Amino acid sequence: MTSIAVYSYSVAAIGFLLLIGLLLTIWRGRSHVAPVAIACALTALWSGALALEAASGLGLWSVWTDKLEILRSGAWCVVLVLLLGNYRDPGSRWPFGLRTSVFAGSMVYLGLLLATALMRTDLMLNIDGLLPNVTVRVCQAVLGMLLVEQVYRNKTVQERWAIKFACLGIGAMFAYDFYMYSQAMLFHEMHQDTWAARGIVNALAMPLIGTAVKRGTSRANALALSRRVMFHSTALFGSALYLMAMGFAGYYLRYFGGSWGGVMQVVFLCGALLVLAGTLFSGTFRAWLKVFISKHFYSYGYDYREEWMRFTRTLSEHSANIGERAIEAVGALVESPGGVLWQRRDGEPDSGGASTYRPVAGWQAASSAVEPADSKFCRFLETTQWVIDLHEYKALPEKYGDLELPAWLKEFPRGWLVVPLIMHSKLFGFVVLQDARSTVALNWEVFDLLEIAGSQAASYLAQQDAANELMVARQFDSFNRMSTFVVHDLKNLVSQLSLMNANAEKHRDNPEFQRDMLDTVDHSIQKMTSMLQKLSRNDAPARPRALSVEAVVGQAIALKSALEPHPSLQVEQQGLKVLADRERLERVLGHLIQNAIEATPKSGRVNVSIRRQGNRVAITVADTGAGMTEKFIRERLFKPFESTKPAGMGIGVFESREYITELGGALDLTSTPSVGTTFTVTLPLYHEAGAGIAAGAIDRAA
């Protein structure tokens, strides 16, 4: 084995001496020749010293060869840093103008070198000094492999052509060191075969490095370490250090624990692995690590390419609620775990037709607060387009001028940031985010990014709203086209009836004609009944007049007399009148009563009541039927062309609310599944003095 080690390390020494000769003669003008030549010289000197010691029988390791190995590894690390390019920053506060990441790596490596110098070096003979010494060398090898990874990742495709063989050669040397020392750490002894083969492995790396130098046309570029790579590399390196420290502690627990030593070591290592897994899977820890890396290793806090790709990908995902995706995308920029989205809504019945901002989506948070569009808070967001830091406002309210926060926002659980969603210089909506998992320093960069992200989210939400409105418009267009076919069928029926009427005087005593006439009338009735069931609309202009509410409701109930359960009527005050078109109002009330009857079993009850509420009249239709869920009411009930009936067209409730709103009233409901539903129609009372004005207003609306 001694002769094998002599030949192995001698081949490595000769190979690197040959490479030095090529560097200083043929490839003298190539880039990075000087540092590569120095690294090759130290590698050749180290290999030659090991070969000499093996040949003289002095052993395979000594203090001098150990120091030469430290210099050799450090020299190749310097070569890798130079390959990264632009490792200095004119505004850096560190010595020699080094960038923060380069300086931090240098300090780590110097610490490893110092630890090696203070430890015993007779690894082949002294088992007590093996584990800590090998641990430091494993760390050196890991650092070298991380540098190789960074060099390759931060080069363009053209630059990789020049340096890929250098990365392979230098990476192979560090990877073999990692394998050899990890094996020694595992088995608590240095395997001599692995040690002897090390020289040949280093010699094989020589032609790869020479090929890279020959191709050496790469130019120094800015040091641009990927945040994702930096995050994973830091997590990997930290995990490796943690496991080594825990392994070292477990080793001494076993050594000093006596008969309990083995059990204590196993329990301790299992606990350490659980702690590491819990830490790595912790969202708070990951958020803290990302913020720490961005704050201390980069001049800008964000990798904008990565952030914007993630932001766009989140908004473009296929899911039911784009509002939740918008909150998640904006919140991820500042590590917020949840929030609520408010959007502008115009002409809602429960707000008297005024514009408001309503919560439309929540991501791991909820709120039911409604904010008027003309409030000082909304006007402040629209005019300034500022991101509001609620903690800062609480400490320094004067910084936000005359801003007045609404009461519900002050009580919002863990409220932190209010991000306006601006589109075309108008406030489309806003997002309230909860406190971040980790402390995030808010500066101009964060605020600018949130403002731009808010505008982008607003465009996605507006596009979704426009798509929904376009879909409804197309459905109405289809409805109108269907009406054309209905009119065509009606014309055919009218023609048949007209022809029959024209021949009736001449053939009225003919039994055969009488039979044909009855068949024609029956067919026409069936045809028109079928069409009316599908299309119960009247396009004639509305003719409002003063109507007795009791009479209209009574007529609507009478038309349903053949159905069960038969609705009952309760009139608390008679003589109440409203201004409306009788046919349309009767159809609206009849539709509500029809729905109540169909939703209620024959043993149930449908109660209709009329009462006065101030200057309005309230018509209530209550049933003890199946009821509806809040989700169905919110998402489907008032949408046109949404129907749960096989032959339904889904425009009944939608048309009812539209006409009641047109009259200046409101349609409200309460419903509980398996208990029943109550619809309440409120309409303005008819007054003689304002009859002409009100009628004119309804005519214009129609």
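## Considering the pattern of salt bridges
Enumeration over the complete set of coordinates arrives at six salt bridges. In this structure, Asp 177 and Arg 72 form a salt bridge, with 2.9 Å as the shortest nitrogen-oxygen distance. Of this pair, Asp 177 sits in helix α6 (residues 157-187) while Arg 72 sits in helix α3 (residues 63-84), placing them 105 residues apart in sequence. Overall, the relative accessible area of 2% leaves Arg 72 in the buried class. Put simply, Lys 399 and Glu 392 hold a salt bridge, and the shortest N to O gap is 2.7 Å. One continuous salt-bridge network, built from bridges that share partners, spans Glu 69, Arg 72, Asp 177 and Arg 198.

## Things to note about a negative patch on the surface
A surface patch of like charges, here negative, comprises Glu 512, Asp 516, Asp 519 and Asp 522. Mapping Asp 519 onto the fold places it in helix α17 (residues 511-534). For Asp 519, a relative accessible area of 53% gives the class exposed.

## Things to note about the confidence of the model for the protein
For the protein, per-residue confidence averages 76 on the pLDDT scale, and residues scoring 70 or more make up 68% of the total. Mean pLDDT in the protein bottoms out at helix α22 (residues 691-701), which sits at 45, and peaks at strand β6 (residues 426-434), which reaches 94. Predicted confidence is poor over residues 120-128, with pLDDT under 50, and the contacts of this stretch with residues over four places away or in other chains come to 19 contacts. Contacts for the low-pLDDT stretch residues 217-224, under 50 throughout, to residues beyond four places or in other chains number 24 contacts.

## Description of the packing of helix α18 (residues 549-558) against helix α19 (residues 582-599)
Running from N to C, α18 and α19 point in directions that differ by 50 degrees, and their axes come no closer than 9 Å. Accordingly, the angle class assigned to the pair α18 and α19 is oblique. In this structure, the crossing between α18 and α19 has a hand that is right-handed. When α18 is examined against α19, the residues Ala 551, Val 552, Val 553, Gln 555, Ala 556 and Ile 557 are found in contact with a partner set consisting of Arg 582, Leu 585, Glu 586, Leu 589, Gly 590 and Ile 593. The residue inventory of the contact of α18 with α19, partitioned by class, reads eight nonpolar, two polar and two charged.

## What to know about the sheet that holds strand β12 (residues 666-672)
In spatial order, the strands read β8-β10-β11-β13-β12; together these five strands make up an open sheet with mixed pairing. The outermost strands of the open sheet, each flanked by one partner alone, are β8 (568-571) and β12. The sheet shows a mean angle of 15 degrees between the axes of neighbouring strands, direction not considered. Inspection of the sheet shows β8 paired to strand β10 (residues 606-613) by four bridges, in the parallel sense. In the sheet register, Ser 568 faces β10, and the bridge partner there is Asn 607. Strands in contact with α18 are β8, β10 and β11 (616-623); relative to β10, the strand with the most contacts, it is inclined by about 170 degrees. Across the sheet, α19 lies against β10, β11, β12 and β13 (676-684), angled at about 25 degrees from β11, the strand it touches most.

## Focus on the side chain of Thr 43
Assignment of secondary structure puts Thr 43 in helix α2 (residues 33-56). With sequence-adjacent residues up to four places away left out, Thr 43 is seen in contact with Phe 16, Arg 72 and Trp 76.

## Brief notes about a nonpolar patch on the surface
Residues Val 11, Ile 200 and Leu 204 make up a contiguous nonpolar surface patch of roughly 260 Å² in combined accessible area. You can see Leu 204 is positioned in helix α7 (residues 192-214). Among the residues examined, Leu 204 registers a relative accessible area of 59% and is labelled exposed.

Criteria and cut-off values
- Counting restarts for each chain, with residues numbered from 1 along the sequence as it is written.
- Selection of residues for local features in this predicted model requires a pLDDT of at least 70, selection of side-chain atom pairs for listing and counting requires 80 or more, and totals for whole chains, interfaces and linings are taken over all residues.
- Based on all heavy atoms of the structure, the side-chain values leave hydrogens and waters out of the count.
- What counts as a salt bridge is simple: a side-chain nitrogen of Lys or Arg found within 4 Å of a carboxyl oxygen of Asp or Glu.
- Helix and strand assignments follow DSSP, with helices taken as H or I runs no shorter than four residues and strands as E runs no shorter than two, numbered in order from the N terminus.
- Accessible area is worked out with a 1.4 Å probe on protein chains only. A residue is then buried under 20% of its type maximum, exposed over 50%, and partly exposed in between.
- Patch criteria: residues need more than 30% relative accessible area and no salt bridge. Like-charged residues are merged within 9 Å; nonpolar side chains of Val, Leu, Ile, Met, Phe, Trp and Tyr are merged within 5 Å.
- Each accessible area is a Shrake-Rupley estimate made with a 1.4 Å probe; only the visible protein chains count as cover when residues are assessed.
- His is not counted, nor are the chain ends; Lys and Arg add positive charge and Asp and Glu add negative charge.
- By convention, the point assigned to a charge is CZ for Arg, NZ for Lys, CD for Glu and CG for Asp.
- A score from 0 to 100, pLDDT tells how confident the predictor is in each residue.
- Residue contacts are counted whenever heavy atoms from the two residues lie within 4.5 Å of one another.
- Axis angles are defined between N-to-C directions and span 0 to 180 degrees, where every axis is a line fitted to C-alpha atoms and, for a helix, only to the segment in contact.
- Every angle not falling under 35 degrees, over 145, or within 65 to 115 is termed oblique; those three ranges are roughly parallel, roughly antiparallel and roughly perpendicular.
- A clockwise turn of the near helix away from the far one marks a right-handed crossing, whereas an anticlockwise turn of less than a right angle marks a left-handed crossing.
- Amino acids are sorted into nonpolar (Ala, Val, Leu, Ile, Met, Phe, Trp, Tyr, Cys and Pro), charged (Asp, Glu, Lys and Arg) and polar (every other residue, Gly among them).
- The rule for pairing is simple: two strands pair if DSSP sees at least two bridges between them.

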